[in-house]
Amino acid sequence: MTGNFNFWDSEVWSFVITIVLLLSAMMLANILRRKVSFLRRSLLPSSVLGGFIALAANAAFKAVSGNSLFELTTLEALTYHGLGLGFIALAWRHLDGIKGKKARKDVFSTATVTVGGYLIQAIVGLIVSVALFYLIGGFAAGGILLPMGYGQGPGQAFNWGSTYETTYGFVGGTSYGLTIAAMGFVSACVGGLLFLNKTAKKRTSIPEEAMVDDLSIENYRGNNEIPVSESMDKLTVQFALVFITYGVAYASMWALYKYVLLPAGGFAMSTVSPLIWGFNFLVGTAWAILFKNIGNKLRKKGIMHREYTNNYMLNRISGFMFDIMVVASIAAIDLSAFRYKEFWVPLLLECVLGAVVTYLYTMKACRRLFPDYSDEMFLAMYGMLTGTASTGVILLREVDPNFDTPASHNLIYQNLWAIVLGAPMLLMLGFVPRSMTHLFACFGILLVLFFAIFAFQFKGKRKEKQ
């Protein structure tokens, strides 16, 4: 016995057991994907399939024993922090600059497609939720969670679903957002398969077994980097940079909350505070970029001589964080909420209409803006706008296994522009649920923003791919 607990107490092991169960579900899902041809062809990521396996196992265990396999707070914490840590790992990477006027233009165009997708999802979602609010009841502002689940993924779906549930009284809001995110992955796979089958005659299929990563030394070690193993392991350094940055992000958010928002009260606490804590990943990303730039300047001045970050390892850290986030988010869905039509009717309509509208809009925009590689861009963008960036890459590899087109390049570099262009919509998340007046005002702004982006994308003449 140490302190006030025993090493065999369940509290000591609960977090580890949760991780073990989630990873076991993912491993089982990965085996099934490899062995079951239907699942392999479905393109469903192992983390998503693992999440559904964990959700089903938890439901069965609860039906038999009356208890849950998981601590809900642990699953929610993994979802929340996985998003922030994953984005910070990506932000610490060193990327080559964007070269050429056309490349820069395509990156900006990619960002407009991303934000246009968010906007049209928000518009469709609100039309459904408001119409059903007057017909059968429910939460009128729930539709704004569609772009959070589809466009932003499980992390943001959880953040805002939870905020709406605790702050604005949206019963089942957390599960609502997480379910949208889970259905987004399904929509990505269904839409991706439909497109791939439709365009099958235009390409030569490459089996999954033939897709082998390039493991040459240049591919995972940059110039002048610290050794792989010395007094502090290189992977430990990467984790340290990511977690220290996240700690600084938390400290800055806490200071803003404690010394600015809390004293201000009222509007600041009800609207701005959820925005700050909901966008933990943006705050963390900003700090990572700042620290990375400071390191670059120190190296240029000769104060710091070695490169401490490694792109290969940072990619692996972000991949692990996003996988954990996805499987935990699906496992955290509360199935009991589906007993009420006010929950599942708008959910079903929003997910189906959201997938259809996103498919059609992305198809039209990509053919217009990227005529030389519209198929590749469509799969990358549709996968990202219904799942995550990883889902987009999975679909992209079906037609561009070696990433020969600029599609993957655009997907990486568009993030900063997407944040800037999407900021007005993201800021409205704290206003939409406050009242019907706020909702309709924000809906009008969403329409104006979408048509502004749509007009930009379709101005002038640009030859479409034949």
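Heads up: the structure comes first, above all this text.
Residues numbered from 1 in each chain as written. Predicted model: local features only at pLDDT ≥ 70, side-chain atom pairs only at ≥ 80, totals over all residues. Heavy atoms only, no water.

## Let's talk about the layout of surface pockets
Then, number 1: There is about 340 Å³ of room inside the second largest pocket.
Then, number 2: In terms of lining, the second largest pocket is formed by 23 residues, of which the most central are Tyr-150, Met-183, Ser-187, Cys-351 and Val-352.
Then, number 3: Mapped by element, the contributors of at least two residues to the lining of the second largest pocket are helix 3 (46–65), helix 8 (173–198) and helix 14 (341–369).
Then, number 4: Examining the composition of the lining of the second largest pocket, we find that nine residues originate from one element, helix 14, more than from any other.
Then, number 5: Taken together, the residues of the lining of the second largest pocket break down into 20 nonpolar, three polar and no charged. (1 Å grid on protein atoms, 1.4 Å probe; cavity = no way out; pocket = protein on both sides within 12 Å on 5 of 7 lines; lining within 4 Å. Points joined across faces, edges and corners; volume = space filled by probe spheres on them. Helix = DSSP H or I, 4+ residues; strand = E, 2+ residues; numbered from the N terminus. Nonpolar A, V, L, I, M, F, W, Y, C, P; charged D, E, K, R; others polar.)

## Topic: the packing of helix 10 (residues 234–264) against helix 11 (residues 266–278)
Then, number 1: Viewed as axis vectors pointing N to C, helix 10 and helix 11 meet at an angle of 170 degrees, and their least axial separation amounts to 9 Å. In terms of their interaxial angle, helix 10 and helix 11 are classed as roughly antiparallel. Every residue of helix 11 that contacts helix 10 at Tyr-250, Met-253, Trp-254, Leu-256, Tyr-257, Leu-261, Leu-262 and Ala-264 is listed here: Gly-266, Ala-268, Met-269, Val-272, Ser-273, Ile-276 and Trp-277.
Then, number 2: For the contact of helix 10 with helix 11, the per-class residue count stands at 13 nonpolar, two polar and no charged. (Axes fitted to C-alpha atoms, helices over the stretch in contact; angles between N-to-C directions. Parallel < 35°, antiparallel > 145°, perpendicular 65-115°, else oblique. Contact = heavy atoms within 4.5 Å.)

## Observations concerning the environment of Phe-7
Then, number 1: For Phe-7, the location among the structural elements is in the segment before helix 1 (10–35).
Then, number 2: Relative accessible area serves as the criterion here: at 49%, Phe-7 is assigned to the partly exposed category.
Then, number 3: When the C-alpha positions of Phe-7 and Val-36 are compared, they lie 41 Å apart, and in sequence the two are 29 residues distant. (Buried < 20%, exposed > 50% of the residue type's maximum accessible area, 1.4 Å probe, protein only.)

## A closer look at the packing of helix 5 (residues 101–135) against helix 6 (residues 145–152)
Then, number 1: Contact pair helix 5 / helix 6: the axes reach a minimum separation of 7 Å and the direction vectors enclose 140 degrees. In terms of their interaxial angle, helix 5 and helix 6 are classed as oblique. Our pair here, helix 5 against helix 6, has a crossing hand that is right-handed. Counting all contacts with helix 5, which are made through Tyr-118, Gln-121, Ala-122 and Gly-125, the residues of helix 6 involved are Leu-146, Pro-147, Tyr-150, Gly-151 and Gln-152. (Left-handed = near helix turned anticlockwise from the far one by under 90°.)

## Topic: the packing of aromatic side chains
Working definition: an aromatic ring pair is given by the centre-to-centre distance plus the angle between the planes.
Then, number 1: Throughout the structure, instances matching the rule amount to 26 aromatic pairs.
Then, number 2: Ring geometry for Phe-139 and Phe-170: centres 4.4 Å apart, planes at 5 degrees, overall stacked. In this pair, Phe-139 is assigned in the loop between helix 5 and helix 6 and Phe-170 in the loop between helix 7 (154–168) and helix 8, connecting sequence segments 31 residues apart.
Then, number 3: A relative accessible area of 18% means that Phe-139 is categorised as buried.
Then, number 4: Judged by relative accessible area, which is 7%, Phe-170 ranks as buried.
Then, number 5: Each ring, one from Trp-287 and one from Phe-291, has its centre 5.5 Å from the other, and the planes form 35 degrees; the classification is tilted. One end of the pair is Trp-287 and the other is Phe-291, both in helix 12 (residues 280–300) and four residues apart, which spans about a single turn.
Then, number 6: A relative accessible area of 26% means that Trp-287 is categorised as partly exposed.
Then, number 7: In this structure Phe-291 comes out as partly exposed when scored by relative accessible area, which is 26%.
Then, number 8: Stacked on the ring of Tyr-312, the Lys or Arg Arg-316 has its end atom at 5.2 Å from the ring centre. (Phe/Tyr/Trp six-rings, centres within 6.5 Å; stacked < 30°, edge-to-face > 60°. Lys NZ or Arg CZ within 6 Å of the ring centre and 35° of its normal.)

## Details of the nonpolar core
Then, number 1: Core analysis: the largest hydrophobic core is formed by 109 residues, its most contacted members being Tyr-164, Met-425 and Leu-446.
Then, number 2: Here this core takes eleven residues from helix 13 (residues 311–331), the largest share from any one element. (Core = buried A, V, L, I, M, F, W, Y, C linked by side-chain atoms within 4.5 Å.)

## So, a positive patch on the surface
Then, number 1: Positive charge collects at one region of the surface, where Lys-101, Arg-104, Lys-105 and Lys-459 lie side by side.
Then, number 2: One can find Lys-105 in helix 5. (Patch = residues over 30% accessible without salt bridge, like charges linked within 9 Å, V, L, I, M, F, W, Y side chains within 5 Å. Areas by Shrake-Rupley, 256 points an atom, 1.4 Å probe, with all protein chains shown as cover. Salt bridge = Lys/Arg side-chain N within 4 Å of Asp/Glu carboxyl O. Lys, Arg positive; Asp, Glu negative; His and termini not counted. Charge placed at Lys NZ, Arg CZ, Asp CG, Glu CD.)

## Some points on empty space enclosed by the protein
Then, number 1: Evaluation of the coordinates by the stated rule reveals one cavity of 30 Å³ or more.
Then, number 2: In this structure, the largest cavity occupies an estimated 60 Å³ of space.
Then, number 3: Lining the largest cavity are 13 residues, and of these Ser-129, Phe-139, Tyr-176, Glu-342 and Pro-346 lie nearest its centre.
Then, number 4: Looking at the lining of the largest cavity residue by residue, the classes come out as six nonpolar, five polar and two charged.

## Some thoughts on the environment of Pro-346
Then, number 1: Its location among the elements puts Pro-346 in helix 14.
Then, number 2: Taking the C-alpha atoms as reference points, Pro-346 and Gly-142, separated by 204 residues in sequence, lie 8.5 Å from one another.
Then, number 3: Those residues in contact with Pro-346 that sit more than four places away from it in its chain are Val-128, Leu-132, Tyr-176 and Lys-341.

## Some points on the pattern of salt bridges
Then, number 1: Under the criterion given, the structure shown has two salt bridges.
Then, number 2: Between Asp-106 and Lys-102 there is a salt bridge; the shortest N-O distance is 2.9 Å. Taken together, the residues span about one helical turn, with Asp-106 and Lys-102 both in helix 5 at a distance of four residues.
Then, number 3: Taking the relative accessible area as the measure of exposure, Asp-106 reaches 2% and is therefore buried.
Then, number 4: For Lys-102, a relative accessible area of 45% corresponds to the partly exposed category.
Then, number 5: A salt bridge links Arg-299 to Glu-307; the nearest nitrogen and oxygen atoms lie 3.1 Å apart.
Then, number 6: Overall, Glu-307 belongs to the buried group, its relative accessible area being 12%.

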